[in-house]
Amino acid sequence: MRLFPVRFSASSASSSMASLAKMLDFYSGFNPSPLSIKQFMDFGQNACEKKSFIFLRKELPVRLANIMKEIALLPDNLLHTRSVSEVSSWYVKSFEDVLEYEKAEPTHDNLQKFVADLDLIRNRHNDVVQTMAQGVIEMKENEGGQVDAPTESSIQYFLDRLYMSRISIRMLINQHTLLFGGNPHSGGRHIGCLDPACDLSDVVRDAYENARFLCDQYYLTSPALEIQQHTCEPTDSLPIRTVYVPSHLYYMLFEVFKNSMRAVVEHHSHDNNDTLPPLKVAISKGKEDICVKISDQGGGIPRSQTDQLFKYMYSTAPQPSKSDLHTVPLAGYGYGLPISRLYARYFHGDIVLLSCEGFGTDAIIYLKVSLVERKFCFMIVLNTFCFQALSDEANELLPIFNKTSSKFYRATVPTGDWSNQSSDMNARQLSASTPKRYNDFVQDA
């Protein structure tokens with residue numbers, strides 16, 4: 001089989017590569033087991049570190065192996081760039097780190113070391129997005145700035161799957177380390193990284209303020225914010241709350257706000273009026289969805305460019321330099337919106353852009369009420385939560401490697417897939433056909 005361009009010492013190269021290939025083949029033969037928000041919540045409320053350890057020592061290698069198999073299918077001119085080789089080495093090292101616990105007993109020392117190693121794995125992969133983006137830039141430079149359509153389609157397909165896999169792996173790691181790490185949440189309402197009563201307007205304001213800070217730094221001005229909230233149920237109280245991962249919603253909002261602010265400031269740069277039109281946010285809770293709509297008057301987007309905004313190799317802003325790798329630019333690689341949409345789709349939501357060219361753009365973030373949240377009650381005195389009818393269907397949306405995956409890296413035309421906005425059927429198929437579930441792994445161990 002084809003392995004990554006990872007260096008081993010001369011004495012151990014052959015045995016290490018053979019062992020790695022064998023374990024990759026074994027674990028990539030399993031489908032990842034998508035978890036629902038209900039499972040995350042139920043387990044977090046009655047957290048057992050040993051059960052979590054037993055599950056993760058099997059599930060993490062499966063998720064890593066599935067995406068590592070796809071890394072090996074990348075075009076040679078991308079796979080062998082310095083940056084992609086570096087990303088590949090991170091995945092190899094993390095895979096080997098987790099395999100150390102394959103047959104380890106859940107003793108106190110092993111559990112503590114496991115948490116520490118998960119922290120190292122998470123930190124090791126902090127720069128995957130920026131480094132992969134740099135690898136694409138290196139490939140384009142090596143190819144004279146031109147990338148053919150089939151290669152671009154393959155890269156789009158791969159990056160969607162790589163980043164969705166990364167989101168899911170970080171979710172598992174964050175839940176375990178927050179529940180069982182050195183500083184677990186105690187006395188607060190959070191269950192790991194989930195907030196059972198996430199105030200959406202608070203997250204909106206937080207993301208807006210941080211985006212405004214960047215906008216003020218760059219342009220010395222920024223548009224104001226207006227928020228409205230609506231609910232279809234007269235019994236529902238305001239502000240609107242739901243069960244969600246606040247950091248995921250923050251990422252989506254922050255990226256949308258950055259794009260909207262830049263558009264508004266640049267579109268009105270020659271106006272005589274000193275006051276910029278505000279960004280208007282409407283938060284609406286329906287029977288199926290919670291919608292967060294961000295409306296700007298930034299001049300809109302030509303209809304022919306709307307789909308381009310979700311492509312990784314497209315950006316309307318200058319690319320940041322290598323020295324900016326660890327900074328947060330107002331705009332740059334063009335990965336903000338595509339990854340934001342992955343965060344939304346991770347729990348079966350979505351992001352949709354509706355634009356009126358010459359006027360402005362509406363960005364709508366959908367969170368699935370029927371999948372994410374039904375009703376909960378917060379008992380302040382007891383500091384506990386009561387959940388009712390949390391749907392069992394709110395599974396993670398995960399990429400799965402199989403023998404047919406290679407065809408997507410050789411396709412000459414775009415092929416329908418869950419990462420394609422119009423392929424909802426494929427999304428359901430890929431997330432539903434899993435041979436083993438969370439409880440299966442716990443019971444089998």
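Residues numbered from 1 in each chain as written. Predicted model: local features only at pLDDT ≥ 70, side-chain atom pairs only at ≥ 80, totals over all residues. Heavy atoms only, no water.

### Description of the overall build of the chain
Now for step 1: Along the backbone of the chain there are 15 helices and nine strands.
Now for step 2: Within the chain, the proportion of its 445 residues that are buried is 53%.
Now for step 3: Sequence separation of at least 24 residues holds for 78% of the intrachain contacts in the chain that already meet a minimum separation of 6.
Now for step 4: Of the roughly 20,600 Å² that the chain leaves accessible, carbon and sulfur atoms contribute 50%. (Helix = DSSP H or I, 4+ residues; strand = E, 2+ residues; numbered from the N terminus. Buried < 20%, exposed > 50% of the residue type's maximum accessible area, 1.4 Å probe, protein only. Contact = heavy atoms within 4.5 Å. Areas by Shrake-Rupley, 256 points an atom, 1.4 Å probe, with all protein chains shown as cover.)

### A short note on the nonpolar core
Now for step 1: Within the largest apolar cluster, 109 residues are counted, with the highest numbers of intra-cluster contacts made by Phe-95, Tyr-163, Leu-253 and Phe-257.
Now for step 2: Of all the elements, helix α8 (residues 149-180) adds the most residues to this core, at twelve residues.
Now for step 3: Beyond its immediate sequence surroundings of up to four residues, Phe-257 is in contact with Val-204, Ala-207, Tyr-208, Ala-211, Leu-225, Leu-279, Val-281 and Ile-294. (Core = buried A, V, L, I, M, F, W, Y, C linked by side-chain atoms within 4.5 Å.)

### A closer look at the pattern of salt bridges
Now for step 1: The tally for this structure, following the rule as stated, stands at 20 salt bridges.
Now for step 2: For the salt bridge of Arg-122 with Asp-119, the shortest nitrogen-to-oxygen distance reads 2.4 Å. With Arg-122 and Asp-119 both in helix α6 (residues 108-124) and three residues apart, this pair spans about one turn of that helix.
Now for step 3: Taking the relative accessible area as the measure of exposure, Asp-119 reaches 25% and is therefore partly exposed.
Now for step 4: A salt bridge links Lys-368 to Asp-289; the shortest N-O distance between them is 3.5 Å. Highlighted residues: Lys-368 in strand β7 (residues 360-368) and Asp-289 in strand β5 (residues 289-296), separated in sequence by 79 residues. (Salt bridge = Lys/Arg side-chain N within 4 Å of Asp/Glu carboxyl O.)

### Some remarks on the packing of helix α3 (residues 49-71) against α6
Now for step 1: Closest axis-to-axis distance for the α3/α6 pair is 11 Å, and the angle between their directions is 50 degrees. Accordingly, the angle class assigned to the pair α3 and α6 is oblique. The way α3 lies across α6 gives a crossing that is left-handed. Between α3, through Glu-49, Lys-50, Phe-53, Leu-56, Arg-57 and Leu-60, and α6, the contact on the second element is made entirely by Leu-111, Phe-114, Val-115 and Leu-118.
Now for step 2: Residue composition of the contact of α3 with α6, by class: seven nonpolar, no polar and three charged. (Axes fitted to C-alpha atoms, helices over the stretch in contact; angles between N-to-C directions. Parallel < 35°, antiparallel > 145°, perpendicular 65-115°, else oblique. Left-handed = near helix turned anticlockwise from the far one by under 90°. Nonpolar A, V, L, I, M, F, W, Y, C, P; charged D, E, K, R; others polar.)

### Quick notes on the confidence of the model for the chain
Now for step 1: Residues of the chain with pLDDT of at least 70 account for 78%, and the chain-wide mean is 83.
Now for step 2: Across residues 374-392, confidence stays below pLDDT 50; counting only partners more than four residues off in sequence or on other chains, it has 41 contacts.
Now for step 3: Predicted confidence for residues 422-445 stays below pLDDT 50, and this span has 48 contacts to residues more than four positions away or in other chains. (pLDDT = per-residue confidence, 0-100.)

### Considering the environment of Tyr-343
Now for step 1: Tracing the backbone through its elements, the reader meets Tyr-343 in helix α12 (residues 336-346).
Now for step 2: A C-alpha to C-alpha distance of 9.9 Å links Tyr-343 and Val-245, two positions 98 residues apart in sequence.
Now for step 3: Tyr-343 has contacts with Ile-167, Tyr-244, His-248, Tyr-251 and Met-252, leaving out every residue within four places of it along the chain.

### Quick word on the environment of Asn-259
Now for step 1: Along the chain, Asn-259 falls in helix α10 (residues 246-267).
Now for step 2: Separated by 39 residues in sequence, Asn-259 and Gly-298 place their C-alpha atoms 9.3 Å apart.

### Things to note about the sheet that holds β7
Now for step 1: Pairing within the open sheet is mixed, and its five strands lie in the order β2-β4-β5-β7-β6. Of all the strands in the sheet, the pair left with one neighbour each is β2 (225-231) and β6 (350-356). In this sheet, adjacent strand axes meet at a mean angle of 15 degrees when their direction is disregarded.
Now for step 2: As paired strands, strand β4 (residues 279-285) and β5 are joined by six bridges and run antiparallel to one another. Counted as the bridge partner of Lys-280 is Ser-295 from β5.
Now for step 3: Contacting β2, β4, β5 and β7, helix α9 (residues 200-219) crosses the sheet at an angle of about 160 degrees to β2. (Pairing = 2+ DSSP bridges.)

### Some thoughts on the packing of aromatic side chains
Now for step 1: For the coordinates displayed, the defined rule picks out 16 aromatic pairs.
Now for step 2: Ring centres 6.5 Å apart and planes at 90 degrees place the aromatic pair Phe-40 and Phe-347 in the edge-to-face group. Residue Phe-40 is found in helix α2 (residues 37-45), and its partner Phe-347 is found in the loop between α12 and β6; the two are separated by 307 residues along the sequence.
Now for step 3: Using a relative accessible area of 2% as the deciding quantity, one classes Phe-347 as buried.
Now for step 4: Arg-341 extends its terminal NZ or CZ atom over the ring of Phe-310, reaching a point 4.2 Å from the ring centre. (Phe/Tyr/Trp six-rings, centres within 6.5 Å; stacked < 30°, edge-to-face > 60°. Lys NZ or Arg CZ within 6 Å of the ring centre and 35° of its normal.)

### Some words on α9
Now for step 1: Taking 1.5 Å per residue as the helical rise, α9 with its 20 residues ought to reach 28 Å, and the 28 Å between its terminal C-alpha atoms agrees with that figure.
Now for step 2: A positive backbone phi angle near 65 degrees is found at Leu-220, which sits one or two residues after α9. (Expected span 1.5 Å × (residues − 1).)

### A look at the side chain of Ser-154
Now for step 1: In this fold, Ser-154 is placed in helix α8.
Now for step 2: Under the relative-accessibility criterion, Ser-154 is labelled buried at 2%.
Now for step 3: What Ser-154 contacts, discounting residues up to four positions off in sequence, is Phe-408, Tyr-409 and Arg-410.

### Notes on the pairing of β5
Now for step 1: Most of β5 is tucked away: six of the eight residues are buried.
Now for step 2: Between β4 and β5, which pair antiparallel and follow one another directly, the connecting turn spans three residues.

### With respect to the environment of Ser-153
Now for step 1: As for its placement among the helices and strands, Ser-153 is situated in helix α8.
Now for step 2: Using a relative accessible area of 23% as the deciding quantity, one classes Ser-153 as partly exposed.

### Re the pairing of β4
Now for step 1: Most of β4 sits inside the fold, with five of its seven residues counted as buried.
Now for step 2: Pairing analysis gives seven bridges linking β2 to β4, with the strands arranged parallel. Across the sheet, Thr-231 pairs through a bridge with Lys-285, a residue of β4.

### Description of the packing of α9 against α10
Now for step 1: Contact geometry of α9 with α10 gives a least axis separation of 8 Å together with a crossing angle of 40 degrees. Judged by the inter-axis angle, α9 sits oblique to α10. Both α9 and α10 take part in a crossing whose hand is right-handed. Between α9, through Leu-200, Val-203, Val-204, Asp-206, Ala-207, Tyr-208, Asn-210, Ala-211, Arg-212, Leu-214, Cys-215 and Tyr-219, and α10, the contact on the second element is made entirely by Pro-246, Leu-249, Tyr-250, Leu-253, Phe-254, Phe-257, Lys-258, Met-261, Arg-262, Val-265 and Glu-266.
Now for step 2: Split by residue class, the contact of α9 with α10 holds 17 nonpolar, one polar and five charged.

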